[in-house]
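Remarks on the overall topology
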Amino acid sequence: VTPSNLHLAWARLFVGALAAAGVRHVVVSPGSRSTPLALAAAGEPRVTCHAVVDERAAAFFALGQARVSGAPSALVCTSGTAGAHYLPAVIEASASHVPLVVVTADRPWDAYDCAAPQTIDQIKLFGDHARFFAELGLPDEAALDAVPRLAAQAVLRARHPTPGAVHLNARFRKPLEPVDVAGPEPWEARLAELERRGAPRVYAPRSAPDEAAIAHLVDAVSRAPRGVVVAGPAPLAAAGAAEAIFSFARKAGFAVLAEATSQLRFGATSEVVGAFDVLLRDPSFRRALAPELAIELFAPPTSSGYGALVAERPAMERVVVAPHGWNDPQSTAAAVILADPGEALALAAARLSGRDGSQGAAALRARLERGEAAARAIVRDELAAAALHEGTIAARLVDALPEGALLCVGNSLPVRDLDLFAEPRAKRLRVVHQRGASGIDGLVSGAAGAASAAASPVALLVGDVSFQHDLGGLASLRGARVPLVVVVVQNDGGRIFDELPIAARPELAAAREALFTTPPRVSFEAAASVFGLRYAEARDAASYASALAAALERGGATILEAVVPPHDGRARRARVRSALAHKLAARADDEGRPSW
Ligand SMILES: Cc1ncc(C[n+]2csc(CCOP(=O)(O)OP(=O)(O)O)c2C)c(N)n1
Ligand SMILES: [Mg+2]
């Protein structure tokens with residue numbers, strides 16, 4: 001073979017085109033086969049390179065970055081099983097519509113299926129979880145023109161029409177490192193010309209909401225005076241839709257039920273109902289509320305109370321508005337409007353005359369507002385305790401974070417406790433969540449990635465089992481430049497299983513503990529020390545608050561283990577629910593109809 005630097009030049013052209021198309025971060029996992037790509041990324045001034053050894057962690061890291069930046073991050077790994085570790089994050093990216101560009105290096109075709117080392121079938125490795133796949137073959141002088149085009153195309157497909165991960169498989173033949181060659185190589189002039197020209201600029205169509213969809217919304221509101229707007233998990237950019245959503249709701253006379261992950265809860269410029277989950281878990285409240293119309297925004301709500309309402313009221317018209325996805329797990333939506341909720345509701349609001357006066361709407365809103373006030377009072381009582389509990393952990397974290405901070409929240413009970421215990425407020429926080437496939441995986445890495453793309457302090461609220469699941473992610477926390485606190489809710493295992501029907505079977509208690517709850521019982525302090533991270537432990541509310549303040553004051557990452565009695569959270573949630581039911585029942589009028 002004549003020594004050539006074609007593969008390096010090819011990679012430089014490719015990475016340059018990714019940068020031109022908006023990629024700002026490249027997450028590289030080490031390997032030899034990907035040498036040209038890694039070196040090209042290192043030499044590209046428009047991108048920042050991050051090294052993450054474990055490809056599973058690397059992919060969640062890139063996902064966290066993309067959730068914050070809104071732009072695709074690129075991933076680069078070597079051949080063999082390396083790329084397979086990307087799968088969970090690729091799935092989450094697909095389910096939550098986050099753009100990613102995955103580049104797996106591969107060996108030449110002649111090494112395939114002959115026991116050559118580190119060679120597997122990487123074609124369409126992610127199946128339909130990738131929005132787009134391209135086999136790039138070996139760098140080929142004759143195909144240089146197509147390299148910037150392909151990079152631009154991959155970025156386009158990662159963002160449009162439905163954001164998600166794309167997969168490019170790029171083959172390289174040795175030598176993978178730069179070689180000394182005598183004189184200019186034949187393709188050099190062409191390459192210089194292509195680099196000068198850059199990548200094609202891509203203009204995707206701007207999709208505006210369908211006119212008929214706006215008419216549907218307006219018509220639904222005028223037909224059904226008793227309605228609500230329900231905001232489920234949303235991307236960070238949804239904060240920009242807040243004004244339009246609130247103005248629509250005001251004109252319709254509807255309350256806005258906002259989950260903690262909706263970007264409408266912290267930084268709300270208008271009153272929102274944050275306690276709707278606990279309110280709707282109460283059967284009599286659901287009956288009394290009796291909405292005729294629900295306009296659901298973004299991903300399906302996490303709330304099981306809302307789920308119960310939907311199940312119980314088949315006649316309630318559900319109109320789902322989200323830019324991507326068929327967000328109707330109940331299969332009972334009357335309309336699915338694929339549109340940006342802010343844009344759709346702004347257009348609809350302009351057509352509403354302002355029906356605040358509608359009696360039905362006002363009564364429903366008033367009932368929700370009274371319910372919200374009652375729930376907040378009960379929750380505040382619960383938060384006044386000196387003892388540290390799962391509610392205090394979530395609520396005090398929201399208190400401690402400064403305006404504009406990023407709050408990453410794990411699945412299982414943390415996302416639910418945030419909903420129950422952290423009341424709406426004017427302080428603006430951006431909430432990063434993993435509600436696409438609702439995995440407990442990659443959460444530490446995701447927060448580390450979010451921090452690498454953020455200029456503000458970052459917190460992660462995560463369960464102990466979830467934290468253990470991504471211990472490898474601690475390696476990525478070391479580089480945190482912003483203050484980053486990982487609050488681990490140490491409740492001795494996956495306590496969500498205590499809330500599931502299996503917990504009602506005493507004969508299954510031992511199996512539940514061993515196979516479901518799986519208390520980690522490992523030292524997180526030692527884990528922090530292995531990775532050179534600060535560690536603090538809190539066992540009461542006061543020391544928790546001061547540990548939080550200390551962690552947020554300093555740059556870099558702190559693991560804050562918040563230790564609570566294992567069965568306490570469940571008891572408290574139940575107590576909040578029953579106190580609320582009691583309060584709601586006390587308001588029932590003479591005929592026994594709750595006046596709430
Ligand atoms: C990748 C993945 N594996 C398993 C699950 C199932 N699962 C849901 S919650 C949970 C336990 C989580 O425990 P922990 O993080 O301690 O949270 P807690 O329930 O105590 O709030 C498990 C295993 C999942 N959602 N995702
Ligand atoms: Mg736990």
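Fair warning: this is a prediction, and the values are worked out from it, not measured in the lab. (Residues numbered from 1 in each chain as written. Chains lettered and ligands numbered in written order. Predicted model: local features only at pLDDT ≥ 70, side-chain atom pairs only at ≥ 80, totals over all residues. Heavy atoms only, no water.)

Let us look at the coordination of the magnesium ion (ligand 2). Note on the magnesium ion (ligand 2): its protein donors are D464 (OD), N491 (OD1) and G493 (O). The metal-donor distances range over 2.0 to 2.1 Å. Spacing between the donor residues of the magnesium ion (ligand 2) along their common chain follows D-x26-N-x1-G. Highlighted residues: D464 in helix 17 (residues 464-469) and N491 in the loop between strand 15 (483-490) and helix 19 (509-517), separated in sequence by 27 residues. Across the pair, exposure class does not vary: D464 and N491 are buried alike. (Donors = N, O, S within 2.8 Å, 3.2 Å for Na, K, Ca; no water. Helix = DSSP H or I, 4+ residues; strand = E, 2+ residues; numbered from the N terminus. Buried < 20%, exposed > 50% of the residue type's maximum accessible area, 1.4 Å probe, protein only.)

Attention now goes to the nonpolar core. Core analysis: the biggest nonpolar cluster contains 52 residues, and L75, Y86, F467, L477, V486 and I559 have the highest contact counts within it. Here the element with the most residues in this core is helix 3 (residues 55-69); it accounts for 9 residues. Membership of the second largest hydrophobic core comes to 41 residues, among which are V47, L144, V155 and V166. (Core = buried A, V, L, I, M, F, W, Y, C linked by side-chain atoms within 4.5 Å.)

Residue placement: A241 occurs in the loop between strand 7 (227-231) and helix 8 (242-252). Considering only alpha carbons, one finds A241 and A344, 103 residues apart in sequence, at a separation of 9.8 Å.

Turning our eyes to something else, we now look at the pattern of salt bridges. Under the counting rule described, the total for this entry stands at 35 salt bridges. Measuring nitrogen to oxygen at the nearest pair gives 2.7 Å for the salt bridge that ties R46 to E44. Linking R281 and D277 is a salt bridge whose minimum nitrogen-to-oxygen distance equals 3.0 Å. Given a relative accessible area of 32%, R281 falls into the partly exposed group. Taken together, the salt bridges that share partners define one network made up of D492, R495, D498, R512, E513 and R521. (Salt bridge = Lys/Arg side-chain N within 4 Å of Asp/Glu carboxyl O.)

Once that is clear, we can look at the sheet that holds strand 1 (residues 25-28). Across the sheet, which stays open at both edges, the 6 strands sit in the order 2-1-3-4-6-5 with parallel pairing between neighbours. The open sheet terminates on both sides in strands that have one partner only, identified here as strand 2 (48-51) and strand 5 (130-137). Neighbour-to-neighbour, the strand axes of the sheet open up by a mean angle of 20°, direction not taken into account. Across 4 bridges, the pairing between strand 1 and strand 2 is parallel. Pairing of H25 across the sheet is with T48, part of strand 2. (Pairing = 2+ DSSP bridges. Axes fitted to C-alpha atoms, helices over the stretch in contact; angles between N-to-C directions.)

Before going further, it helps to examine the environment of Q490. Among the secondary structure elements, Q490 is positioned in strand 15. For the pair formed by Q490 and D464, sequence separation is 26 residues and the distance between their alpha carbons is 5.2 Å. Apart from the residues lying within four places of it in its own chain, the contact partners of Q490 are D464, F524, E561, A562, V563 and V564. Reaching out from Q490, the side chain makes a polar contact with the side chain of E561 at a distance of 2.9 Å. (Contact = heavy atoms within 4.5 Å. Polar contact = N/O pair within 3.5 Å; in protein donor to acceptor, adjacent residues only side chain to side chain.)

Where helix 1 (residues 6-20) contacts helix 5 (residues 146-159), the axes come no closer than 8 Å and their chain directions differ by 40°. Remark: the crossing between helix 1 and helix 5 carries right-handed chirality. Of the residues in helix 5, those in contact with W10, L13, F14, A17 and L18 of helix 1 are V147, P148, A151 and V155. In terms of residue class, the contact of helix 1 with helix 5 is built from 9 nonpolar, no polar and no charged. (Left-handed = near helix turned anticlockwise from the far one by under 90°. Nonpolar A, V, L, I, M, F, W, Y, C, P; charged D, E, K, R; others polar.)

Okay, the packing of helix 8 against helix 12 (residues 341-351) next. Look at helix 8 against helix 12: their axes get within 8 Å of each other, and the N-to-C directions meet at 35°. Crossing handedness for the pair helix 8 and helix 12: left-handed. Seen from helix 8, the contacting residues are A244, I245, S247, F248 and K251; seen from helix 12, they are G342, L345, A346, A348, A349 and A350. Among the residues making up the contact of helix 8 with helix 12, the classes are represented as 8 nonpolar, 2 polar and 1 charged.

With that out of the way, let us pick up unusual backbone geometry. Residue H160 is joined to P161 through a cis peptide bond whose omega torsion reads 0°. With respect to the element layout, P161 can be found in the loop between helix 5 and strand 6 (165-171). Here the amide bond leading from K174 into P175 is cis, since omega sits at 0°, within 30 degrees of zero. Positionally, P175 belongs in the loop between strand 6 and helix 6 (188-197). At H97, a residue that is not glycine, the phi angle is positive and equals roughly 60°. Considering the arrangement of structural elements, one finds H97 in the loop between helix 4 (87-96) and strand 4 (100-106). On the basis of relative accessible area, H97 is assigned to the partly exposed category, the value being 23%. The phi torsion at D492 lies on the positive side, around 60°, for a residue other than glycine. Looking at where D492 falls in the secondary structure, it is placed in the loop between strand 15 and helix 19.

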